[in-house]
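Next come the chains, spelled out residue by residue.
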Amino acid sequence: MSQARKRSNIVPLTADPRARNALKYLGEEHCRLVKSMARNGEFPEQWCAKIGIAMSTMYNWANRYVEFDEACQLAWVYLTAFWTQQTVEAARGGAQNTKLLMEILKKRFPDTWGYNPRNIQANFPTRWSCIPETDSESSCSKREDEVNSEDLKAELEMLRKRHGFS
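Residues numbered from 1 in each chain as written. Predicted model: local features only at pLDDT ≥ 70, side-chain atom pairs only at ≥ 80, totals over all residues. Heavy atoms only, no water.

Caption draft 1: The environment of Thr87, seen in detail. Position of Thr87 among the secondary structure elements: in helix α6 (residues 66-91). Residue class for Thr87 comes out buried when judged on its relative accessible area of 8%. Remark: the alpha-carbon pair of Thr87 and Leu105, spanning 18 residues in sequence, is separated by 8.5 Å. Not counting residues up to four positions away in its chain, the partners in contact with Thr87 are Leu101, Met102 and Leu105. (Helix = DSSP H or I, 4+ residues; strand = E, 2+ residues; numbered from the N terminus. Buried < 20%, exposed > 50% of the residue type's maximum accessible area, 1.4 Å probe, protein only. Contact = heavy atoms within 4.5 Å.)

Caption draft 2: The arrangement of the nonpolar core in detail. One finds Val34, Trp47, Met58, Trp61, Phe68, Leu79 and Trp83 to be the most contacted residues of the largest nonpolar core, which totals 24 residues. Of all the secondary structure elements, the ones that give two or more residues to this core are α3 (28-39), α4 (44-51), α5 (55-64), α6 and α7 (98-108). Here this core gets seven residues from one element, more than from any other, and that element is α6. (Core = buried A, V, L, I, M, F, W, Y, C linked by side-chain atoms within 4.5 Å.)

Caption draft 3: Layout of the pattern of salt bridges. Applying the stated criterion across every chain, the model contains five salt bridges. Two residues, Glu45 and Arg108, come together in a salt bridge whose shortest N-O distance is 3.0 Å. One end of the pair, Glu45, is in helix α4; the other, Arg108, is in helix α7, with 63 residues separating them in the sequence. Among the residues examined, Glu45 registers a relative accessible area of 39% and is labelled partly exposed. Salt-bridge contacts for Glu150 lead to Lys153; the nearest nitrogen and oxygen are separated by 3.9 Å. Linking Glu150 with Lys153, this pair stays in helix α10 (residues 149-162), spanning three residues, or about one helical turn. The network of salt bridges with shared partners includes Glu103, Lys106 and Lys107. (Salt bridge = Lys/Arg side-chain N within 4 Å of Asp/Glu carboxyl O.)

Caption draft 4: Expanded view of the packing of α3 against α6. Close contact between α3 and α6 brings their axes to 7 Å; oriented N to C, the two are set at 10°. Our classification of the angle between α3 and α6 gives roughly parallel. In this structure, α3 contributes His30, Cys31, Val34, Lys35, Ala38 and Arg39 to the contact, and α6 contributes Glu67, Phe68, Ala71, Cys72, Leu74, Ala75, Tyr78, Leu79 and Phe82. For the contact of α3 with α6, a count of residues per class yields eleven nonpolar, one polar and three charged. (Axes fitted to C-alpha atoms, helices over the stretch in contact; angles between N-to-C directions. Parallel < 35°, antiparallel > 145°, perpendicular 65-115°, else oblique. Nonpolar A, V, L, I, M, F, W, Y, C, P; charged D, E, K, R; others polar.)

Caption draft 5: Fine view of the packing of α5 against α6. Running from N to C, α5 and α6 cross one another at 120°; their axes reach a closest spacing of 5 Å. Relative to α6, the element α5 is oriented oblique. Here Met58, Trp61, Ala62 and Arg64 of α5 come into contact with α6, specifically with Val66, Phe68, Asp69 and Cys72. Among the residues forming the contact of α5 with α6, the class breakdown is six nonpolar, no polar and two charged.

Put into structure tokens, the structure is as follows:
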């Protein structure tokens, strides 16, 4: 059992000890902060330390505030790009330890750099990458310049149905 879970067993049930952290949320200021820190290669633990919150509070804020969730998602892209660039520079003969950077990429960004990556183009089908069980043969052979607004509307409707939005 984690240390945080053990501590929560001794907190009185009358008040949620995390409720005070919701008052700390400063909207756009925190959104800018996480994006800025990510651009500098700082990880979410460092974002939380700077703000003065627990990781669970950050996740709760992302669930509660759409703009913070979007900022965190964008920050994660910045963070991935930062560490990828560090690795590229090392591979080109930079002073960094390439082996260490590859370990960071594999451990911190497993969806892209791990042993079984899921964050690859094959897992993000587009209009121009055919998925036999969902697309007809005719749509698989369409070129980008042949797509019209009706085709896009039809695809959007199909995606909405597939994901339960219609």
